[in-house]
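Secondary and tertiary structure notes
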Amino acid sequence: VDNDTGKQVLQGGPYEVPWAVYTRRACLPDGNYTFNMLDDGGDGVCCDDGKGFVLLSMEGDTIWNSKGEFGREQSTVFVLGGDDR
């Protein structure tokens, strides 16, 4: 996760165990962020090695659901705080 100045404020992985469920919780201050998902295999987190997905949520509301198929990388911008949530 990068903030609006491009500084990385949160990092995860590597996630290498097949069929494992990884959960990451974090508290970030209000602001604009970009969530970046990278996959070395180039097929997202689905397909040949399992049926994974990436879910980004806040207070129970889904911000982004990759459904696992995104190629080598995918990013989504999200806002915390204010009226833009």
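Since this is a predicted model, take the numbers as computed values, not measurements.

So, on to the packing of aromatic side chains. Under the counting rule described, the total for this entry stands at three aromatic pairs. Ring centres of Y15 and Y22 lie 4.6 Å apart, and the angle between their planes is 55 degrees; this geometry places the pair in the tilted category. With 5.3 Å between their ring centres and 55 degrees between their planes, F35 and W64 make a pair best called tilted. You can see F35 sitting in strand β2 (residues 31–38) and its partner W64 sitting in strand β4 (residues 61–65), a full 29 residues away along the chain. For the pair formed by F35 and W64, the shared burial category is buried.

All right, on to the sheet that holds strand β5 (residues 73–80) then. As summarised here, the arrangement of the three strands in space is β1-β2-β5, forming an open sheet in which the pairing is antiparallel. Two strands in the sheet have a free side with no partner beyond their single neighbour: β1 (2–3) and β5. Direction of pairing for β2 relative to β5: antiparallel, over a ladder of eight bridges. Among the inter-strand pairings, T34 is bridged to a residue of β5, identified as V77.

Glancing now at unusual backbone geometry. Across the junction of G13 and P14, the peptide omega takes the value 5 degrees, indicating a cis bond. Positive phi, normally seen in glycine, also occurs at E59, with a value near 50 degrees.

Here we take up the nonpolar core. In this structure, V1, Y33, F35, M37, V54, L56, M58, W64, F70, F78 and L80 together form the largest nonpolar core, which totals 11 residues. Per element, the largest residue contribution to this core is three residues, and it comes from β2. If sequence neighbours within four positions are ignored, F70 has contacts with M37, D39, G44 and V45.

Below, the discussion takes up a nonpolar patch on the surface. Together, Y15, V17 and Y22 make up a nonpolar patch on the protein surface, roughly 320 Å² of accessible area in all. Tracing the backbone through its elements, the reader meets V17 in the loop between β1 and β2.

Further remarks concern the confidence of the model for the protein. Chain-level statistics for the protein give a pLDDT mean of 83 and a share of 91% at 70 or above. When mean pLDDT is taken per element in the protein, β1 scores highest with 96 and β4 scores lowest with 85.

About the cut-offs
- Residues numbered from 1 in each chain as written.
- Predicted model: local features only at pLDDT ≥ 70, side-chain atom pairs only at ≥ 80, totals over all residues.
- Heavy atoms only, no water.
- Phe/Tyr/Trp six-rings, centres within 6.5 Å; stacked < 30°, edge-to-face > 60°.
- Helix = DSSP H or I, 4+ residues; strand = E, 2+ residues; numbered from the N terminus.
- Buried < 20%, exposed > 50% of the residue type's maximum accessible area, 1.4 Å probe, protein only.
- Pairing = 2+ DSSP bridges.
- Core = buried A, V, L, I, M, F, W, Y, C linked by side-chain atoms within 4.5 Å.
- Contact = heavy atoms within 4.5 Å.
- Patch = residues over 30% accessible without salt bridge, like charges linked within 9 Å, V, L, I, M, F, W, Y side chains within 5 Å.
- Areas by Shrake-Rupley, 256 points an atom, 1.4 Å probe, with all protein chains shown as cover.
- Salt bridge = Lys/Arg side-chain N within 4 Å of Asp/Glu carboxyl O.
- pLDDT = per-residue confidence, 0-100.

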